[in-house]
Amino acid sequence: MKLVKKLLLSDEVELRERLFRVILLSALLATVMAIVTSFFRPSTTGSVMMLLLMGMAMGIGLVCTFRYRNINMASYIMGFSLILIILPSSFLGHGGIYGGAAVWFVMGIFYVFLMFEGPRLVFFVCLALMSYGVTYYISYKYPELVTPLESVSAIYVDSFFSICSVAMVIGIMEKYQIKIYKEEKNKVVRQKEELEINAMSKTSFFANMSHEIRTPINTIIGLNEVILRSEISDEVAQNAIDIQNASKMLLELINDILDISQIETDKMEIIPVNYSSKDMFMELIDMIRVRMNEKNLDFLLDIDESLPAVLYGDERRIKQIILNLLTNAVKYTIRGSVTLSVECEYIAADKISMKVAVQDTGIGIKTENIDYLFDVFSRISEDGTRKIEGSGLGLPIVKQLVDLMGGTITVDSIYTKGSVFTVTIEQTVIDTTPIGIGAFSEKTENGRKPYVQSFEAPEARVLVVDDAEMNLVVVKKLLEATKVQIDTASSASECLERTLEKSYDLIILDYQMPEMDGVATMNAVKVQQNGLCRTAKFIVLTASAMMDKDLNYQELGFDGYIVKPINGRDMETEILRLLPPDIVEYRYINTDETLINPIQLINSRKLKRICITTDTLCDLPKEVLMQHDVKVMYLYIRTEHGRFCDTKEIDASSLKQYISTTSSMAHTEFATVEEFEQFFGEALLEADEIIHISSSSALVSSYELAKQAARGHAHVHVIDSGQISSGLGMIILSAANMVKEGKRVHEIIDSIEQLGKDLHVSLMLPSLKIISQRGYVRSRAGLIYEKLQLHPVLKMVNRKLTIVGVTYGNLESAWKKYIRSILRSSSKIDKELIVVTYAGLNVKQLELLVREIKKKVPFKTIMVNESSVSNACNSGYKSVAISYLKRKK
Ligand code: ADP
């Protein structure tokens, strides 16, 4: 039994192989059964031989899988012999349809479905059906080839046993599969549980480790502050500052690792509280200014005056997000400035969308790296960043936090020029009072100045309780100058002894202690029989990363809190707040707040919400483009004498002259991805969002270039108009009008797609010469058109420039024919506007076009404009393109 289990159920054998073994074994059993039963019923020698043959084939198959482990070979041999030899011959030799052999055909197909997949399955199914069909056909057409069973009873017995055997095999297989399925399912459940237990223990390991690591860092930072306060040489002071910075970095890293592990185990939670928006930004500014100053960067501040005073959201996490972006901006900027801008927009009476953007003039990010910025540990190893310390954890955490808050984060960056990270989140408004102008005063605390204690209270009695001895030393030393009387206790029980002996004004309790934690100790003191400190004030001492998650100190009954690593100044402030005022003998009034690199308050509000951009392939008159605020990316014209900026440095007529006098060719050349990036960067200075509409990507590569450049800009949307240049013009006009109407980006983009379908755009060329030179059509056709004075009319059909018609004769009569044919069904044309673009036509010829158009359809506006040089280069002189909108049904 054990052996059977090992051979058939062992996990080490692939599922298909196990199935093969089971099917073969059960079929072998069925065959043996049939052989045995053949002795009890009248059977021909032929049929017994057939059964023996089948048994042998199965035996060989089994040897192949058990001995040689060659399942492929075995399954093929078995497949072919079953379908082509065993089943047809046992059918013919065993009574044909008057017997049980036909039932075994089912077995063949069942086998094929179990053993094969994909094309092999299709092949074997077809083979089986063909083989069965042929066998049936033979038995029908040539009944003499079928060996009949000797009697009616034999037919019944054979049929009965065959049905039983096949049904048994199929039943066993089905049971076996269900068994395997159940086992695999249980295995997956077990593995999932194990993984969850592992993840849990990983998280608690991280939580414990971070506590363990934080304790000594707390000591290092605290005692280092004591050193910095004392009379020391500059050199020692510098060393102490370096120790301080290194310890803080280590602490940040531990907090990041803790955050990531919480995110990975879905333990990260958003804990909203009421908070003062002004205080939050003030704190952020204070936190980053010292670093800004150290690198001599300008700090520009642009905070919306209408920002509501009190908001409801996870203040600590929002601060973490913004601080992270600001820290990166400072880290990756060598010179220039960092701008923090905040905008708010009411989306409901009590809800705002708060948009925080951190912009720097730093090293920027390569477009190909933008996609990986938010992946864990995806530190971009550029020469620029390799020298800069960092773990690559910051942005993934930021992204996760923003996601948890239901917000968005986007990046616009130009490599070597700078980046903008924009976070948008919704916040509930508690107090709608706007923070107003000048909310952010210029003064802020200086990083390095001689320490002066903020108060003295020799009468005050303070008890500090912490299981880490060194923490007690740090607190004591940091409070030395305030002259308060400090007693210490290193456990809850020791604390409860002290509170029986002495009355304390204030008790500072570590949150995480063995035996009894801070909360339990406080509760015990508050109800202690004969206790002298039942009405004392309590401060909790906690590691910052755990603070909001596990503890809302006020709800727990504490009066204040101090975050580890302890900052001497913060601790003094908290103690002073809670001490009875009459025992405070001296307070330090700070009149000397020195300025460091003053913050510049600016207003960088963008002028526009959306800006439409395109390239010079768009054929619209300059004035129209300006009037609609459309920005144009220039293409270049390459001649033998260099590269010229289309329209700016060269115009169509000068190019024509150049070509006719020098008989040389000119080509259009697109700007580089970097130039496009620069173009988008500049446009983004004026508008929040850019919609760049480009000519059909099937014709020109400028769409791809723009698309690549836009990968670095989350607010640049590149659209393939699918049109040739004159159609592009119509689309640009509509898009610009939609911007004016206040439509949103996605509405405009959707409309552009629809517009493409409602647009008529065609182009009549004087000859096929230029486009055949450009490779659009075969050159022989070009020659024929030229000789016969044929002028092709082209349109975009299925994203291909296609010749849809031909006009003939001299150009002027051809133009007339062209206009008449495209304006034939006047009732289906929107009569608002028609755009005619030409290259190299004179005034008389233009008048002829306009006259002809007016004759056919009374358009309100006929916009006639000379095509850009790029288009003239592409389609040749004397080409005319016409576009108009079809009337909506
Ligand atoms: P860290 O800065 O610790 O390496 P982050 O996750 O904060 O990790 O950032 C990931 C990477 O993104 C950085 O290594 C850097 O290459 C790039 N990066 C982030 N912010 C900026 C920025 N403002 N300017 C340029 N590169 C940045």
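What you see is a predicted model, and the numbers here were worked out from it, not measured in a lab.

Trainee: Where do I start with the overall build of the protein chain in this structure?
Mentor: Tallying secondary structure elements over the protein chain gives 30 helices and 28 strands in all. Burial analysis of the protein chain (889 residues in total) assigns 49% to the buried set. Pairs at least 24 residues apart make up 76% of the contacts formed inside the protein chain by residues separated by at least 6 positions. Of the roughly 44400 Å² of accessible surface on the protein chain, 57% is carried by carbon and sulfur atoms.

Trainee: Honestly, the sheet that holds strand 21 (residues 687-694) in this entry has me stumped. Any pointers?
Mentor: Strand order in this open sheet of four strands is 17-16-21-22, and the pairing throughout is parallel. Edge strands, defined here as strands with exactly one partner in the open sheet, are strand 17 (631-633) and strand 22 (716-720). If you compare each strand with its neighbour and ignore which way they point, the axes differ by 25 degrees on average. Sheet topology places strand 16 (residues 608-615) next to strand 17; three bridges connect them, and they run parallel. Considered in strand 17, the bridge of T614 is made with V632. Where helix 22 (residues 673-686) meets the sheet, its contacts fall on strand 16, strand 17, strand 21 and strand 22, and the angle it forms with strand 21 comes to roughly 140 degrees.

Trainee: Please explain the state of the cysteines as it appears in this structure.
Mentor: A covalent bond between the sulfur atoms of two cysteines is what we call a disulfide. Taken as a whole, this structure holds zero disulfides when the rule is applied. A disulfide-free cysteine, C495 has its sulfur positioned 7.7 Å from the sulfur of C533, the nearest such atom.

Trainee: I keep staring at the sheet that holds strand 12 (residues 537-543) and nothing clicks. Help me out?
Mentor: Pairing in this open sheet of five strands is parallel, and the strands run 10-9-11-12-13 from one edge to the other. Of all strands in the sheet, those with a lone pairing partner are strand 10 (485-489) and strand 13 (560-564), marking the two edges. Pairwise comparison of adjacent strand axes, ignoring direction, gives a mean angle of 20 degrees for this sheet. Of the pairings in the sheet, the one linking strand 9 (residues 461-465) to strand 11 (residues 506-510) comprises four bridges and is parallel in character.

Trainee: Any chance you could explain the side chain of E572 here in plain terms?
Mentor: As for its placement among the helices and strands, E572 is situated in helix 19 (residues 568-578). Nearest to the buried, unbridged E572 among oppositely charged side chains is R569, at 4.1 Å. With near-sequence residues (within four places) excluded, E572 lies in contact with R229, Y451, Q453, S454, F455, L478, L479 and T482.

Trainee: I would appreciate a short explanation of helix 15 (residues 492-501) in the present structure.
Mentor: Side chains of residues three or four places apart in an α-helix project in the same direction, reflecting 3.6 residues per turn. Taken residue by residue, helix 15 has A492, C495, L496 and T499 as its buried positions. When helix 15 is viewed along its axis, its buried side chains cluster within an angular range of 100 degrees and face the same direction. Close packing links the buried residues of helix 15 with strand 9, strand 10, strand 11 and helix 16 (518-526).

Trainee: Would you mind going over the packing of aromatic side chains with me for this structure?
Mentor: Note on aromatic pairs: each is described by the distance of the centres and the angle between the planes. In this structure the tally under the stated criterion is 16 aromatic pairs. With a centroid separation of 4.1 Å and 20 degrees between ring planes, the pair formed by F105 and Y132 is classed as stacked. Of this pair, F105 sits in helix 5 (residues 101-115) while Y132 sits in helix 6 (residues 118-141), and the two are 27 residues apart along the sequence. Since its relative accessible area comes to 5%, F105 is described here as buried. Members of the aromatic cluster, each reached through a chain of ring pairs, are F20, Y76, F80, Y111, F116, F123 and F124. Its guanidinium or amino end placed over the ring of Y808, K817 lies 3.8 Å from that ring's centre, counting from NZ or CZ.

Trainee: It is not clear to me how unusual backbone geometry should be interpreted in this structure. Could you clarify?
Mentor: Only a minority of non-glycine residues have a phi that is not negative, and only a minority of peptide bonds are not trans. The amide bond that connects K564 to the next residue, P565, takes the cis arrangement and shows omega of -5 degrees. Structurally, P565 can be placed in the loop between strand 13 and helix 19. For K483, which is not glycine, the phi dihedral falls at a positive 65 degrees. Its location among the elements puts K483 in the loop between helix 14 (469-479) and strand 10.

Trainee: Help me out: how do you make sense of the nonpolar core in this one?
Mentor: Across soluble globular proteins, nonpolar side chains show a tendency to be buried alongside one another. Membership of the largest hydrophobic core comes to 49 residues, with the highest contact counts inside it found for F281, L307, I322, L325, L340 and M354. In terms of residue count, the dominant contributor to this core is helix 10 (residues 315-331) (seven residues). Filtering out sequence-adjacent residues up to four positions away, L340 remains in contact with F281, F299, L300, L301, D302, I322, L326, V356, A357 and V358. Judged by nonpolar contacts, the second largest core, of 48 residues, contains L82, F91, F105 and V112.

Trainee: Any chance you could explain the pattern of salt bridges here in plain terms?
Mentor: Side chains carrying opposite charge are able to pair once their charged atoms draw close together. Following the criterion strictly, the structure yields 21 salt bridges and no others. Of the charged contacts in the structure, one is a salt bridge between K564 and D466, with a shortest N-O distance of 3.9 Å. You can see K564 sitting in strand 13 and its partner D466 sitting in the loop between strand 9 and helix 14, a full 98 residues away along the chain. We classify K564 as buried; its relative accessible area is 4%. D466 gets classed as buried once you look at its relative accessible area, which sits at 1%. If you follow the salt bridges from partner to partner, you end up with D466, D510 and K564 in one network.

Trainee: I keep staring at a nonpolar patch on the surface and nothing clicks. Help me out?
Mentor: A cluster of nonpolar side chains, contributed by V32, V36, F39 and F40, occupies part of the molecular surface with about 470 Å² of accessible area. Looking at where F40 falls in the secondary structure, it is placed in the loop between helix 2 (15-38) and helix 3 (45-66).

Trainee: Looking at this structure, I do not really get the environment of A101. What am I missing?
Mentor: With respect to the element layout, A101 can be found in helix 5. Between the alpha carbons of A101 and I163 there is a distance of 9.2 Å; along the sequence they are 62 residues apart.

Trainee: What is the right way to look at the pairing of strand 16 in this model?
Mentor: For a regular strand, side-chain orientation follows a simple rule: the groups alternate between the two sheet faces. Here strand 16 lies mainly inside the structure; seven of its eight residues are buried. One ladder, built from five bridges, connects strand 16 with strand 21; its direction is parallel. Residue pairing across strands places I612 opposite I691, the latter belonging to strand 21. As a crossover connection, the stretch from strand 16 through helix 20 (residues 622-627) into strand 17 is right-handed.

Trainee: Help me out: how do you make sense of the environment of E674 in this one?
Mentor: Among the structural elements, E674 can be located in helix 22. Taking the C-alpha atoms as reference, E674 lies 8.5 Å from Y415; in sequence the two are 259 residues apart.

Trainee: Sorry if this is basic, but what is going on with the pairing of strand 26 (residues 829-839) here?
Mentor: Counting buried positions along strand 26 gives eight out of eleven residues, so the element sits mostly inside the fold. As judged from the seven bridges shared by strand 26 and strand 28 (residues 879-886), these two strands associate in the antiparallel manner. Its bridge partner lying in strand 28, I829 is registered against K886. Inspection of the sheet shows strand 26 paired to strand 27 (residues 861-866) by six bridges, in the parallel sense. Its bridge partner lying in strand 27, T837 is registered against N865. In this fold, strand 26 hands off to helix 29 (residues 843-856), which returns the chain to strand 27; that crossover is right-handed.

Trainee: For this particular structure, what's the right way to read the environment of Y553?
Mentor: The topology assignment puts Y553 in helix 18 (residues 553-556). A C-alpha to C-alpha distance of 8.7 Å links Y553 and I539, two positions 14 residues apart in sequence.

Trainee: Honestly, the confidence of the model for the protein chain in this entry has me stumped. Any pointers?
Mentor: As a general rule, the predicted coordinates of low-pLDDT regions are not to be interpreted in detail. For the protein chain, mean pLDDT is 83; residues scoring 70 or higher make up 87% of the total. Ignoring residues within four places in sequence, the model shows residues 443-448, a span with pLDDT below 50, making 14 contacts including any to other chains.

Trainee: What is the right way to read the packing of helix 15 against helix 16 from this model?
Mentor: When two helices pack together, their arrangement is given by the angle between their axes and by how far apart the axes lie. Relative orientation of the contacting elements helix 15 and helix 16 amounts to 25 degrees, with a least axis distance of 10 Å. It follows from the interaxial angle that helix 15 and helix 16 lie roughly parallel. Two packed elements cross with a definite hand, and for helix 15 against helix 16 that hand is right-handed. On helix 16, the residues that touch A492, C495, L496 and T499 of helix 15 are T521, A524 and V525. Looking at the contact of helix 15 with helix 16 residue by residue, the class counts come to five nonpolar, two polar and no charged.

Parameters and conventions
- Residues numbered from 1 in each chain as written.
- Predicted model: local features only at pLDDT ≥ 70, side-chain atom pairs only at ≥ 80, totals over all residues.
- Heavy atoms only, no water.
- Helix = DSSP H or I, 4+ residues; strand = E, 2+ residues; numbered from the N terminus.
- Buried < 20%, exposed > 50% of the residue type's maximum accessible area, 1.4 Å probe, protein only.
- Contact = heavy atoms within 4.5 Å.
- Areas by Shrake-Rupley, 256 points an atom, 1.4 Å probe, with all protein chains shown as cover.
- Pairing = 2+ DSSP bridges.
- Axes fitted to C-alpha atoms, helices over the stretch in contact; angles between N-to-C directions.
- Disulfide = S-S within 2.5 Å.
- Lys, Arg positive; Asp, Glu negative; His and termini not counted.
- Salt bridge = Lys/Arg side-chain N within 4 Å of Asp/Glu carboxyl O.
- Arc of directions from axis to C-beta.
- Phe/Tyr/Trp six-rings, centres within 6.5 Å; stacked < 30°, edge-to-face > 60°.
- Lys NZ or Arg CZ within 6 Å of the ring centre and 35° of its normal.
- Core = buried A, V, L, I, M, F, W, Y, C linked by side-chain atoms within 4.5 Å.
- Patch = residues over 30% accessible without salt bridge, like charges linked within 9 Å, V, L, I, M, F, W, Y side chains within 5 Å.
- Right-handed = clockwise from strand over helix to strand, strands pointing away.
- pLDDT = per-residue confidence, 0-100.
- Parallel < 35°, antiparallel > 145°, perpendicular 65-115°, else oblique.
- Left-handed = near helix turned anticlockwise from the far one by under 90°.
- Nonpolar A, V, L, I, M, F, W, Y, C, P; charged D, E, K, R; others polar.

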